[in-house]
Structures are given as C-alpha cells and as structure tokens.
Amino acid sequence: MALNIKPLSDRVIVEPAAAETQTASGIIIPDTAKEKPQKGTVVAVGNGKKDEPMTVKVGDTVLYGKYAGTDLKLDGKDYLIMREDDILAII
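Each chain has its residues counted from 1, running along the sequence as written. The predicted origin of the model limits local features to residues at a pLDDT of at least 70 and limits the giving and counting of side-chain atom pairs to 80 or more, whereas totals for whole chains, interfaces and linings rest on all residues. To obtain the side-chain values, all non-hydrogen atoms of the structure were included, while hydrogens and water were left out.

Under the annotation held in an unreviewed UniProt entry, the protein chain carries the name Co-chaperonin GroES and is attributed to Flavobacterium chungnamense. UniProt positions are given in the numbering used here, feature names are shortened, and annotations may be inferred rather than shown by experiment. Taken from UniProt, the Subcellular location (unreviewed entry) comment for the protein chain reads in full: "Cytoplasm". One UniProt comment on the protein chain, placed under Sequence similarities (unreviewed entry), says "Belongs to the GroES chaperonin family."

Take a look at the structure:
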C-alpha cells in the first residue's frame, strides 16, 4: 500500500494490527476492554539519520511499546508514526 506521506529522518509509519476480539479460551472481549495492539506492519520508512541507516523496511511486521508513537488518521485508516528506536523487534 502506498501512502502520500513520507516520514522524515528515522521515523516510520506503522499500521497497527487489529485488536483481539476473543481470548484463546473463547471468551469474547467487549470493545471497552480491548487493549491497544502492540504489533503492526510498517507502511512507510524515512531515510534514516546521517550516520545510521534504517533497519526496518516497508512490509516488516514489528513489535513496539504500548505507548509508543503518535496516532495518525489518513484516508479513514489509523496509523502510528514513531521513531525507529521505539520499535522493539522485527517479527
């Protein structure tokens, strides 16, 4: 998916995964009790810092901190824009 937005320096745009609607044991989770997902797919990547190239690339599935990033809404979809340092792991 191509976005019309290009992050600057070491920032990335992540599309969060959908929140879980059911537990492993089959209990349905109501909307008010759903937790914010901590996993998502990278959809846009900046150029990186002068001395450090970017580690992540578009299409990577990543884990990030619970309160990482800034919420962003584009074309009716929710995204997070965050620094590469906020990403904990590539899956």
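You can see D10 is positioned in the segment before β1 (11-16). D10 sits in the buried class, given a relative accessible area of 4%. A polar side-chain atom of D10 sits 2.8 Å from a polar atom in the side chain of R83. Once residues lying within four places of it in the same chain are set aside, the contact partners of D10 are G48, K49, M54, M82, R83, E84 and D85. Each helix is a run of H or I in the DSSP string that is no shorter than four residues. Each strand is a run of E no shorter than two, and both are numbered from the N terminus. Between buried and exposed lies partly exposed: a residue is buried under 20% and exposed over 50% of the maximum accessible area for its type, with that area taken using a 1.4 Å probe on protein chains only. Two N or O atoms form a polar contact when they lie within 3.5 Å of each other; inside protein one atom must be a possible hydrogen donor and the other a possible acceptor, and for residues adjacent in sequence the pair counts only when both atoms belong to side chains. Working rule for contacts: check all heavy atoms of both residues, and any pair within 4.5 Å makes them a contact.

Moving on, we come to a nonpolar patch on the surface. Taken together, L63, L88 and I91 make up a surface patch of nonpolar side chains, about 310 Å² in accessible area. Turning to its location among the elements, I91 is positioned in the segment after β6 (87-90). The patches reported here contain residues having more than 30% relative accessible area and no salt bridge. Joining distances are 9 Å for like charges and 5 Å for nonpolar side chains (Val, Leu, Ile, Met, Phe, Trp, Tyr). Per-residue and other accessible areas were derived by the Shrake-Rupley procedure at a 1.4 Å probe size, with only the shown protein chains allowed to occlude residues. When a carboxyl oxygen of Asp or Glu is within 4 Å of a side-chain nitrogen of Lys or Arg, the pair counts as a salt bridge.

Counting residues in each nonpolar core, the largest one holds 12 residues, listed as V12, V14, V42, V45, M54, V56, V62, Y64, A68, L80, M82 and I87. Breaking this core down by element, the ones donating at least two residues are β1, β2 (39-45), β3 (61-64) and β5 (77-83). Here V14 is in contact with G40, T41, V42, V62, Y64, Y79, L80 and M82, once residues within four sequence places are set aside. Nine residue types can take part in a nonpolar core, namely buried Ala, Val, Leu, Ile, Met, Phe, Trp, Tyr and Cys, and a core is a set of them joined through side-chain atoms within 4.5 Å.

The subject of this paragraph is a negative patch on the surface. Negative charge collects at one region of the surface, where D51, E52, D85 and D86 lie side by side. Looking at where D86 falls in the secondary structure, it is placed in the loop between β5 and β6. Charge assignment: positive for Lys and Arg, negative for Asp and Glu; neither His nor the chain ends contribute. Throughout, a charge is located at the NZ atom of Lys, the CZ atom of Arg, the CG atom of Asp or the CD atom of Glu.

Looking now at the confidence of the model for the protein chain. Looking at any residue, its pLDDT shows the predictor's confidence there, from 0 to 100. For the protein chain, per-residue confidence averages 87 on the pLDDT scale, and residues scoring 70 or more make up 98% of the total. Model confidence for the protein chain, summarised as mean pLDDT per element, is weakest for strand β4 (residues 70-74) at 90 and strongest for β3 at 94.

Examined against the element boundaries, V58 turns out to sit in the loop between β2 and β3. With a relative accessible area of 53%, V58 lands in the exposed category. Each residue touching V58, except ones within four places of it in the same chain, is listed here: V42, V43, A44 and V45.

Turning our eyes to something else, we now look at the sheet that holds β5. At least two DSSP bridges between two strands are required for those strands to pair. Here six strands make up an open sheet; going across it, the order is β4-β5-β1-β2-β3-β6 and the pairing antiparallel. Lying at the two open borders of the sheet, with one neighbouring strand each, are β4 and β6. Averaged over all adjacent pairs, the angle separating strand axes in this sheet is 45°, with direction ignored. Sheet topology note: the β1/β2 ladder contains five bridges and is antiparallel. Bridge pairing links V14 to V42 in β2. Note on geometry: axes are lines fitted to C-alpha atoms, helical ones only across the stretch in contact, with angles between N-to-C directions running from 0 to 180 degrees.

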